[in-house]
Amino acid sequence: MKRKFFVRNFLLIAMPSVLVVALLGCMAVFMVYNSTVKEIRSSQQNSISQIRESVEVIFSEADAQSMNYSVSPYIMVRLKSLLENGYMDKEQLDIAYMLKPFIDSNVNSKPFLHSVYIYLNNENRNFFASGVGLANSLNYNDVDWIDAAGDTDMEKEQWLETRSISEYLKSSYMTDVISLYRRVYGSVYSRPIGTIVLNIRKEYLENLMEGYLNYEGQEILIVGENGEVLCQAGESCYPKEAYLLESETSEGYGLTFISRVPAGAGYRLSGNMIKMVAAFVVISLSVGMILAYFITKKNAGNVERVITLFELAERGEKLPEISERETDEY
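Nothing here was measured: the structure is a model prediction, and the numbers come from that model.

Q: Account for the overall build of the protein, naming residues and giving values.
A: Counting its regular elements, the protein contains six helices and ten strands. Contacts in the protein between residues at least 24 apart in sequence constitute 62% of all its contacts with a sequence separation of at least 6.

Q: I'd like to hear about the pattern of salt bridges, residue by residue, with values.
A: Pairs can form between side chains of opposite charge once their charged atoms are near each other. Following the criterion strictly, the structure yields ten salt bridges and no others. Among the salt bridges present, the one from glutamate 56 reaches arginine 52, with a minimum N-O distance of 3.1 Å. With glutamate 56 and arginine 52 both in helix 1 (residues 2-70) and four residues apart, this pair spans about one turn of that helix. For arginine 52, a relative accessible area of 16% corresponds to the buried category. With a closest N to O distance of 2.8 Å, aspartate 142 and arginine 163 form a salt bridge. Residue aspartate 142 is found in the loop between strand 3 (133-135) and helix 4 (144-151), and its partner arginine 163 is found in strand 4 (residues 158-165); the two are separated by 21 residues along the sequence. The class of aspartate 142 is buried, set by a relative accessible area of 6%. Because the salt bridges share partners, they merge into one network encompassing Arg52, Glu53, Glu56 and Glu248.

Q: Help me get a handle on the pairing of strand 7 (residues 219-223), residues and values and all.
A: Counting buried positions along strand 7 gives five out of five residues, so the element sits mostly inside the fold. A two-sided burial pattern is seen for strand 7, the buried positions comprising Glu219, Leu221 and Val223 on one face and Ile220 and Ile222 on the other. Pairing geometry for strand 7 and strand 8 (residues 229-233), over four bridges, is antiparallel. Along strand 8, the bridge assignment pairs isoleucine 222 with cysteine 231.

Q: Which residues make up the layout of surface pockets, and what are the values?
A: Its boundaries defined by the atoms lining it, the largest pocket holds a volume of some 180 Å³. Taken together, 14 residues make up the lining of the largest pocket; nearest its centre are Gln158, Trp159, Leu160, Glu225 and Tyr253. In terms of residue count, the dominant contributor to the lining of the largest pocket is strand 4 (three residues). Here the residues of the lining of the largest pocket sort into five nonpolar, six polar and three charged.

Q: Kindly report on the environment of leucine 319, identifying the contributing residues and their values.
A: When you line up the elements, leucine 319 lands in the segment after helix 6 (267-314). Along the sequence, leucine 319 and threonine 308 sit eleven residues apart, while their C-alpha atoms lie 9.2 Å from each other. Among all residues touching leucine 319, those that are not within four sequence positions of it are Leu309, Leu312 and Ala313.

Q: Which residues make up the sheet that holds strand 1 (residues 113-120), and what values go with them?
A: Strand order in the open sheet formed by six strands is 3-2-1-6-5-4, with antiparallel pairing between adjacent strands. Two strands bound the open sheet, and with one partner strand each, they are strand 3 and strand 4. Shown here is a sheet whose adjacent strand axes are inclined to one another by a mean of 25°, direction ignored. Note: strand 2 (residues 127-129) against strand 3, three bridges, orientation antiparallel. Residue pairing across strands places phenylalanine 128 opposite leucine 134, the latter belonging to strand 3. Those strands touched by helix 4 are strand 1, strand 2, strand 4, strand 5 (175-184) and strand 6 (194-201), and its axis lies near 45° from that of strand 5.

Calculation notes
- Residues numbered from 1 in each chain as written.
- Predicted model: local features only at pLDDT ≥ 70, side-chain atom pairs only at ≥ 80, totals over all residues.
- Heavy atoms only, no water.
- Helix = DSSP H or I, 4+ residues; strand = E, 2+ residues; numbered from the N terminus.
- Contact = heavy atoms within 4.5 Å.
- Salt bridge = Lys/Arg side-chain N within 4 Å of Asp/Glu carboxyl O.
- Buried < 20%, exposed > 50% of the residue type's maximum accessible area, 1.4 Å probe, protein only.
- Pairing = 2+ DSSP bridges.
- 1 Å grid on protein atoms, 1.4 Å probe; cavity = no way out; pocket = protein on both sides within 12 Å on 5 of 7 lines; lining within 4 Å.
- Points joined across faces, edges and corners; volume = space filled by probe spheres on them.
- Nonpolar A, V, L, I, M, F, W, Y, C, P; charged D, E, K, R; others polar.
- Axes fitted to C-alpha atoms, helices over the stretch in contact; angles between N-to-C directions.

Put into structure tokens, the structure is as follows:
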């Protein structure tokens, strides 16, 4: 009997408050989660937009360099003479002395630039390198890019490649770079006559992207047109399907900028809200159990008093007085 009273009283007292708390809590959790996800996506979009703009400014240096040599026949002719003949006479030396400070100043003034190569088609495979001047396989270690440029479709004006390079022949120190290849055209030529290579420090781009990592487990990627990852900041062990992903494309350079944040970041604030809701539910259940216990105790006592009245009446004994203030079962 007491158990039935307790269950009935518990359901009548605790369930309405628990349902209200649970319903309002679910609505609050849903709203907080949506707000958090929206904020994360907005932050990601702003980050990759700023990174894209910065990277495009860096890569536009290749356009400026290419323009310098493409629109100046005088520089083009003198440079081609130097690359074809080497240091044969004072004229070639003068050309080298004129070009080297100009190219070196561009590299030295831009922290993202590791080196610049200028190659105009010549049988000796000579090219002009920042910091060195006239370079070839006899005095420079990084020469494989010449074959790579020659093997690439001539119709392709610009492309990117990740490399590890070492300038000096006896040096084992390697620098990771992203090489931006740009074809050079002469004023009277319809086909490219050479290639400019900008070697951009990969570490510089990674440090740039790391400044935009705002969430635990976030990754920012720069992906090339063939799907290869050129540069990455952050690292996560989460499966790909558990990411909040935002991306933006740079059409001019064939790059895709991607920001991935673990979906769990969206549950962080809502997770705290869920804990609060669960705590309120437990409190409601506890209060309901306490109230149900005391009400059940009172109900059971009244029933026992009624049974006592019947027993006294059956035995013909005097019945106790009943208070007029009684308004319950008794």
